[in-house]
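Residue strings, one per chain:
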Amino acid sequence: MTADQVKEFGIDAVRNAIAERRISASALAGEFFARIEKEDAEIGAFLTLSEERARAQAARIDEMAEAGEELPALAGVPIAIKDVMVTRGVRTTAGSKMLDNFVPPYDCTAVVRLEAAGAVVLGKLNCDEFAMGSSTENSAYRPVRNPRDKKRVPGGSSGGSAAAVAAGMAVATLGSDTGGSIRQPASFCGVVGLKPTYGRVSRYGLIAFASSLDHIGPLTNTVKDAALVLRTIAGRDAMDATSADVPVPDYVSELERPLNAVRDKASGGSRSGNSNAGDARGNGPLRVGMAKEYFGAGLDAEVRSAVEAAIQKLASLGCEIVPVSLPHTEYAIPAYYIVATAEASANLARYDGVRYGFRARGARTLGEMYRQTRDGGFGMEVKRRIMLGTYALSAGYYDAYYLKAQKVRTLLTRDFDEAFNKVDVIAAPTAPTAAFKLGEKVDDPLAMYLADIYTVTANLAGIPGISVPCGETREGLPIGLQIFGRHFDEATVLRVAHAYEQSR
Ligand code: GLN
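This one's a predicted model, so the numbers in the text were calculated from it and none came from an experiment.

What about the site of the ligand?
Inspection of the region around the ligand gives 15 residues, with Thr178, Gly179, Ser181, Tyr336 and Arg385 positioned closest. In the model, a nitrogen atom of the ligand is placed 2.8 Å from a nitrogen or oxygen of the Ser134 side chain. In the model, an oxygen atom of the ligand is placed 2.6 Å from a nitrogen or oxygen of the Tyr336 side chain. Here the ligand has 290 Å² of accessible area as a free molecule, and 100% of this is covered by the chains. Of the residues contributing to the shell around the ligand, the split by class is five nonpolar, seven polar and three charged.

Description of the side chain of Arg409
Mapped onto the fold, Arg409 is located in helix 15 (residues 399–422). It is Glu343 that comes nearest to the buried, bridge-free Arg409 among opposite-charge side chains, at 4.4 Å. Arg409 has contacts with Ser212, Leu213, Val339, Glu343, Asn459 and Leu460, leaving out every residue within four places of it along the chain.

Thoughts on the environment of His487
Inspection of the secondary structure assignment puts His487 in the loop between strand 11 (478–485) and helix 18 (490–503). The exposure class assigned to His487 is buried, which follows from its relative accessible area of 3%. Separated by 36 residues in sequence, His487 and Ala451 have C-alpha atoms that sit 24 Å apart. Of note is the side chain of His487, whose polar atom sits 2.8 Å from the backbone oxygen of Ala461.

Quick look at the packing of aromatic side chains
Under the defined criterion, the tally for this structure stands at 17 aromatic pairs. Centroid distance Phe130 to Phe378: 6.0 Å. Interplanar angle 70°. Geometry classified as edge-to-face. Linking Phe130 in the loop between strand 3 (120–125) and helix 6 (159–166) with Phe378 in the loop between helix 13 (366–377) and helix 14 (380–393), this pair joins segments that are 248 residues apart in sequence. A residue is classified by how much of its surface remains accessible, and Phe130, at 2% relative accessible area, is buried. Judged by relative accessible area, which is 5%, Phe378 ranks as buried.

Here's the deal with unusual backbone geometry
In this structure, Ser157 follows Gly156 across a cis peptide bond, with omega equal to 10°. Inspection of the secondary structure assignment puts Ser157 in the loop between strand 3 and helix 6. Here Thr136, not a glycine, exhibits a phi torsion of approximately 70°, which is positive. Position of Thr136 among the secondary structure elements: in the loop between strand 3 and helix 6.

Section: the packing of helix 11 (residues 301–316) against helix 18
Where helix 11 meets helix 18, the axes come as close as 10 Å, and the angle between the chain directions of the two elements is 100°. In terms of orientation, helix 11 lies roughly perpendicular with respect to helix 18. The segment helix 11 lies against helix 18, with Ala310, Lys313 and Leu314 engaging Val496, Tyr500 and Ser503. Residues of the contact of helix 11 with helix 18, tallied by class, amount to four nonpolar, one polar and one charged.

A word on a nonpolar patch on the surface
Judged by side-chain polarity, Val354, Leu366 and Tyr370 come together as a nonpolar surface patch covering roughly 270 Å² of accessible area. Relative to the helices and strands, Tyr370 resides in helix 13. You can call Tyr370 partly exposed: its relative accessible area is 31%.

Thresholds applied
Residues numbered from 1 in each chain as written. Predicted model: local features only at pLDDT ≥ 70, side-chain atom pairs only at ≥ 80, totals over all residues. Heavy atoms only, no water. Near = heavy atom within 4 Å. Polar contact = N/O pair within 3.5 Å; in protein donor to acceptor, adjacent residues only side chain to side chain. Areas by Shrake-Rupley, 256 points an atom, 1.4 Å probe, with all protein chains shown as cover. Nonpolar A, V, L, I, M, F, W, Y, C, P; charged D, E, K, R; others polar. Helix = DSSP H or I, 4+ residues; strand = E, 2+ residues; numbered from the N terminus. Buried < 20%, exposed > 50% of the residue type's maximum accessible area, 1.4 Å probe, protein only. Lys, Arg positive; Asp, Glu negative; His and termini not counted. Salt bridge = Lys/Arg side-chain N within 4 Å of Asp/Glu carboxyl O. Contact = heavy atoms within 4.5 Å. Phe/Tyr/Trp six-rings, centres within 6.5 Å; stacked < 30°, edge-to-face > 60°. Axes fitted to C-alpha atoms, helices over the stretch in contact; angles between N-to-C directions. Parallel < 35°, antiparallel > 145°, perpendicular 65-115°, else oblique. Patch = residues over 30% accessible without salt bridge, like charges linked within 9 Å, V, L, I, M, F, W, Y side chains within 5 Å.

Okay, here's the thing in structure tokens:
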């Protein structure tokens, strides 16, 4: 089996090929490293390779296969991890000079779970500095190029995670999504990206950006592979008090249930009081909400027609399309950029030259050392956000900005709760445009922030969302269909995305 076939066949095919000893995990890892060597000079998806760790894991899997043991679900599957998740003994930078020499002493829970399921970690993936950005141009190392058009960005901040899958340099990757950073790059690179419900996947070992908005999730070639990875990493973790103790359904076996059958009985359910999942259950076709707020000014015409066609396709698969309203959507971007920067300003206070990574040399006082370290270690966008967030939290402005943003957040969450009384999922574009050109928005932070207009709402409300490819522009750039679901109902989100994907 070659790397190209792997891209076509996905996780199950890899595992089976290894179990049947048609290929060894070690040989496959070798093929992927060779491919990275060849392709990645131009793309820039990887910051660090973990060859030793990969080879040791692959050898373990090969021993199991030789002994005829039952292989775990991700046995021998080559994966890679966004460099905001810590990996024991493997440099972890968060795309920042601040952590250029940081080698963590422990592993992120999601990575532990993937390796326990047999996955082979090839390395760490480029991203915007501390996951702040929408194009991966804020990486302190180098921008990532979109494998579908190398003059264009791959999206961000998980640009390396999306590009690695799109270029066949990993079968699956992990990304993080604080305001869209899994879904938007998935859409730009033509792959699948899933942001789960807040609390579904442990954040232990995820370098914090905005703790109430941060999520870990998979980027893959297919919806089924996303379901397999989510099933592996989801569930309560004693190391993260915000990880939820909600049963994890078998997302994979749920995928094949038809959309026009009985709604939803076996899916994840809802935390009581959080959404109104119970009310909408019953018999009948799955109801897909369409909110006019996601199809207004600023939406590119080609993206609009591709997404509308995808929704029509869902209708032809037996879904009922229902208009819904999410009236506070217009306030999502300002609310997000207050909450996210406020939390970031607090989270990034720890980078002071004492505890981790970079320390400026030659300072004469402690205060000078702090200032010079933070000035030299952080890039422009990170500094801008620390300043914005510190301002929003300062005495005298707290009520006007932070508290107000939190109230808007509640209204946005209620919008979704009400919509989910009427529908089972909501379909929308993932991003207002296809991938833009490198350099196009770097000098205009506001234009960059608007790239997240359709994704930040799910982070503010904590609901799951997936981006699945739904066509291309005339120039051949991928377009993404986004599907939102109720809290903890990833099963339905995945099922709808899978049915759509299979129908194309
Ligand atoms: N692009 C958004 C931002 O810059 C989202 C980032 C993310 O999801 N990590 O904040």
